[in-house]
Each structure stands twice: as structure tokens, then as C-alpha cells.
Amino acid sequence: MSILTSQSVFSATLQDGPFTVEDDPPLAHPFSRQAKDWVARIRSNQLLKTKYRSVRNQIFDLLGVNTFDEILVLIHDQQLREQAAQRSYRLLGNMFGVEGPQAELVRHLKDYARTADDVIRSLQAKVLAPYSAHIETTNEVVTAWDPVELLLMLFDERYHKKARFEAKRKLMLMGLAGSIDQRERETKIEGKFLEFLRFLNAYVWSADYKIGDLDIRYLHSFHDPEDFHCTSVDVLSEEEAHEVRPGAGEKLTLVKRRRFCDNGTPIPIYVTIRKKEPAAKVLKLLRKNEKNPASAVDDELGLMAVLNSVNDVKRFACHLTRSAARAGSFMTLEDISDTLTGGKYASRSTGSSGKTSMLKFFARTGGMRIEFILHTNRSYLNYIYQRDVAHDEYEVKRIFDTGVVEFLFPSDIYHLQLGAIRDHQLALFRRRIEEG
């Protein structure tokens, strides 16, 4: 289900839905023309009426009021506003399972606010970098972290429409950040991440190398002019790479490789460990149109590895299961997808390409479920450079095609032609990939 439909779990934030942020705050008299028109729009939709009652009750419960008129009193009475804020900390702390003194609750709320801001900054930094100034958040909203303060902005006529929308958006993103934090505390993901690293260092990587000791190598590759897929690749030392001056259709890619030993044979492997940051998890929830991290974020721990050949990939997969057994845990491989030697990648993710080659699976061991993505040198280079496959292009397509950009930056507020921007960004990323 699209995030932009009225059935979306985020419909309360949709700018073209029943909770649209208008030029004026939603405090019109119940019998005014504005209020009557709004009621007429939702009268025939039972779902919207139910959602309205739910949102209204949440607002009243958080602020500790019974009518919209009382909200105006809070806006202009500092003492009452502070009392409402103190009460909200306790309510939200209990909802997200945060225990401890008020200072601990406030620390978590500030973290959630920081994550909400990081979601927007991450898009400003990469996918929407040329339009960073267009989507910059209002200063007063960026500095705000108190949910009551943000909520009251929605009803305060001193704030512009854009600022009030951004306050509502930040509250929604903070709610997702809180759900993610609660999930991480329940699953003890930080501790499991450290256990995962210890497992790799103790049982997977070669004991002949010190932790962090890496061999510097370069992949010198040649690419087809039609779609820029890798046609051939050589592994070069640092000295050899310094003599190479890549021309058109050539790439020189750095890989810092470890070693693992299989039956006494040392095999080089480039590895990057991934633990999703909270902002990335929030964006994934938006793309999946989900509010529950347990059902939408299944790749919190992950490892991507690059090996010289398909045979080395298979040897590493076997080495993993044997290493887990030596560590005292059985390891099962789940949701296996193998397109390294042919076949079409069947991803359900919007924007992904069926031409992607990789061995992908989830390894369950030691109380953890870890995503592994294994590449050969050639498939890894395609993952970086090939047209319609390259990860940078995929990032652009998935954030636009799932409707997340339009959801976060509606055109009536930010005045952006998102279709044209999508095409421009894809062309820009493709130019950087091939010419950079």
C-alpha cells in the first residue's frame, strides 16, 4: 500500500488528506463555513472519521485538555504549558518503556528529535543535495524537541503554514524514532552487534592477522559502454595501481581486504559491516508504509563481503557455518537468494533491479539474525557502477517511487517539481558514477 493513499498508516500526516495543514490553524468555530466544509469531506468515509477521533483524542490526552479552545489557553499561558510538558514526559516515557528519572526521559526525547532532524538532513546531504536550501527545516522547528511545544505550533497562528507542517512532520518522525528505540532496547541490538564483531574476530577471520590489519588492493575494471556493466577486472597492488591512469570505461576501486582460512588456504575478502542508524530505519518504515519496526526492519545487523570468485563465495558461506559451530552455536541460512551465476533477482523493494547479482541470505546464530550479502569482484563493481543496478541510483528511485519524498516535502508547501527532480538526480548520479 502506498504511503500517499488515505488508507496509509501515515494518513494523518498527508498534506492532501483530512488533516491538511492550512494557511490558518485548525481552530475554526464548529459552525463556521470552514468547519462545515471539512465535515462534509469526511462524512461518507467511516475510516477517516475514526482516524479523526483517534488523532483528536491523542492531542487532548497529550496536552491534558478536553476542547480545542483550551489549547489556545496553553499557547498563551507559560505556566500551564510547562505543566502540560511535564505531564507529557511521563506519558510518553511509559508508552515507549523508558524507565528512570525525568532527566532520562528528556534525554530520550531529545534523541528522538535528533533522529527526526537527521532523516531530513540525510536527504539534504545526498538524494536531494542540490535542493537542500528548498527543503531546509524552519529554525524554530529544528531546535524544538519538546512534543508539547511542537504540537502547540500546529495551533499557533504566529507560525507560518510551512513551519506548522514541519512541526507535525517532526512529531510523526519522533514517534517512529521512539518505536525504533524501544525495539532496540527490547532486542538488545547494541549488545548483539558487539557479540557479532567478537564472533567474526574470534572465529571467522584469520588469526594470522591482527584485528584491523588490512591488505590494500585495487580493482581495475573495464565497463561496457551500453550499460556500464563490468566486462573484466584485475586485482592490483598499491604500487601497480599507482601506475594506472583510468580512461573512458575504466574504474579503479579501492578494497581493503581481510583473510579467512579454508582448509589451510588463506582467501582474501573485503568486508563492510553494517548496523542501520536510526534515521535509516525511520526512512525504511516510511518506504514500507509501516509503523512497527519488528515487521519492517529485518536487516538491523548486516555484512557485505566481496571475494574474487563464485567458488570463494561458496567457501566463505561454508566457513561461516563451521565457524559458528566452533563458537558453540548452530547456524541456519534463511531466505537465500542466489543470482551470482544467473537468474533474475526477485526483490519486492520498490526501485530495485532484477539484474542485481549477489548471494543474499540471513544467518541465524547465537541469538542473532544477520543479513549477509556476498559478491564477487565483478558483481560488486556492477552493484556500484552498472546502469539501473548501481546502489546510488537505487537510493534515488526507492525514495521517490515509494512516495516518501512527496510525503515529506509536499508540493503545495515546498513548490518542487518532484518528477523532474527525480529524473535530474538519476542523471546526475549516473554522470558522477561514470565520469567521477
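Predicted, not measured: the structure shown is a model, and the values here were computed from it.

**Student:** Requested: an account of the pairing of strand β1 (residues 215–223), with residues and values cited.
**Tutor:** The pairing of β1 with strand β3 (residues 250–262) spans 8 bridges and is classified as antiparallel. Residue pairing in the sheet places phenylalanine 222 in a bridge with glutamate 250 of β3. Pairing analysis gives 6 bridges linking β1 to strand β2 (residues 230–236), with the strands arranged antiparallel. From the neighbouring strand, phenylalanine 222 faces β2, where its bridge partner is serine 232.

**Student:** With reference to specific residues and values, describe the packing of helix α2 (residues 46–63) against helix α3 (residues 68–76).
**Tutor:** How two helices pack is summed up by the angle between their axes together with the distance between the axes. Between α2 and α3, the shortest axis-to-axis distance is 11 Å and the interhelical angle comes to 35 degrees. Taken as a pair, α2 and α3 cross one another with a handedness that is left-handed. Together, Tyr52, Arg56, Ile59, Phe60 and Leu63 of α2 and Phe68, Ile71 and Leu74 of α3 make up the contact between the two elements. Counted by class, the contact of α2 with α3 contains 7 nonpolar, no polar and 1 charged residues.

**Student:** Run through the side chain of glutamine 124, naming residues and quoting values.
**Tutor:** Here glutamine 124 shows up in helix α5 (residues 102–125). The class for glutamine 124 is buried, based on a relative accessible area of 16%. For glutamine 124, the contacting residues outside a window of four places in its chain are Ala129, Ser132, Ile135 and Glu136.

**Student:** Can you break down the sheet that holds strand β8 (residues 368–376) residue by residue, with the values?
**Tutor:** Reading across from one edge, β2-β1-β3-β4-β5-β8-β7-β6 is the order of the 8 strands in this open sheet, with mixed pairing throughout. If you trace the sheet from one side to the other, it starts and ends with β2 and β6 (332–338), each paired once. Averaged over all adjacent pairs, the angle separating strand axes in this sheet is 35 degrees, with direction ignored. With 5 bridges connecting them, β6 and strand β7 (residues 359–365) associate as antiparallel partners. Each bridged residue has a counterpart across the sheet, and for glutamate 334 the counterpart in β7 is phenylalanine 362. Relative to β2, helix α14 (residues 377–385) is tilted by about 115 degrees, and along the sheet it contacts β1, β2, β3, β4 (265–275), β5 (301–307) and β8.

**Student:** Give me the nonpolar core: which residues, what numbers.
**Tutor:** Counting 71 residues, the largest nonpolar core has Leu286 and Leu408 as its most contacted members. With near-sequence residues (within four places) excluded, leucine 408 lies in contact with Val119, Ile120, Leu123, Phe165, Arg169, Met172, Leu173, Leu283, Leu286 and Tyr414. Ranked by size, the runner-up nonpolar core spans 28 residues in total, among them Val204, Ile269, Leu320 and Phe361.

**Student:** So what's going on with the packing of aromatic side chains? Which residues, and what values?
**Tutor:** Scanning the entire structure with this criterion turns up 14 aromatic pairs. Between phenylalanine 361 and phenylalanine 372 the ring centres are 5.4 Å apart and the planes differ by 20 degrees, which places this aromatic pair in the stacked class. Note that phenylalanine 361 is positioned in strand β7 and phenylalanine 372 in strand β8, a separation of 11 residues in sequence. Of the two residues, phenylalanine 361 and phenylalanine 372, both sit in the buried class. One aromatic cluster is present, formed by Phe60, Phe68 and Phe155 through successive ring pairs. Stacked on the ring of phenylalanine 362, the Lys or Arg arginine 369 has its end atom at 4.0 Å from the ring centre. Its end group placed over the ring of phenylalanine 429, arginine 432 keeps NZ or CZ at 5.9 Å from the ring centre.

Here is what the cut-offs are and how they apply
- Residues numbered from 1 in each chain as written.
- Predicted model: local features only at pLDDT ≥ 70, side-chain atom pairs only at ≥ 80, totals over all residues.
- Heavy atoms only, no water.
- Pairing = 2+ DSSP bridges.
- Helix = DSSP H or I, 4+ residues; strand = E, 2+ residues; numbered from the N terminus.
- Axes fitted to C-alpha atoms, helices over the stretch in contact; angles between N-to-C directions.
- Left-handed = near helix turned anticlockwise from the far one by under 90°.
- Contact = heavy atoms within 4.5 Å.
- Nonpolar A, V, L, I, M, F, W, Y, C, P; charged D, E, K, R; others polar.
- Buried < 20%, exposed > 50% of the residue type's maximum accessible area, 1.4 Å probe, protein only.
- Core = buried A, V, L, I, M, F, W, Y, C linked by side-chain atoms within 4.5 Å.
- Phe/Tyr/Trp six-rings, centres within 6.5 Å; stacked < 30°, edge-to-face > 60°.
- Lys NZ or Arg CZ within 6 Å of the ring centre and 35° of its normal.

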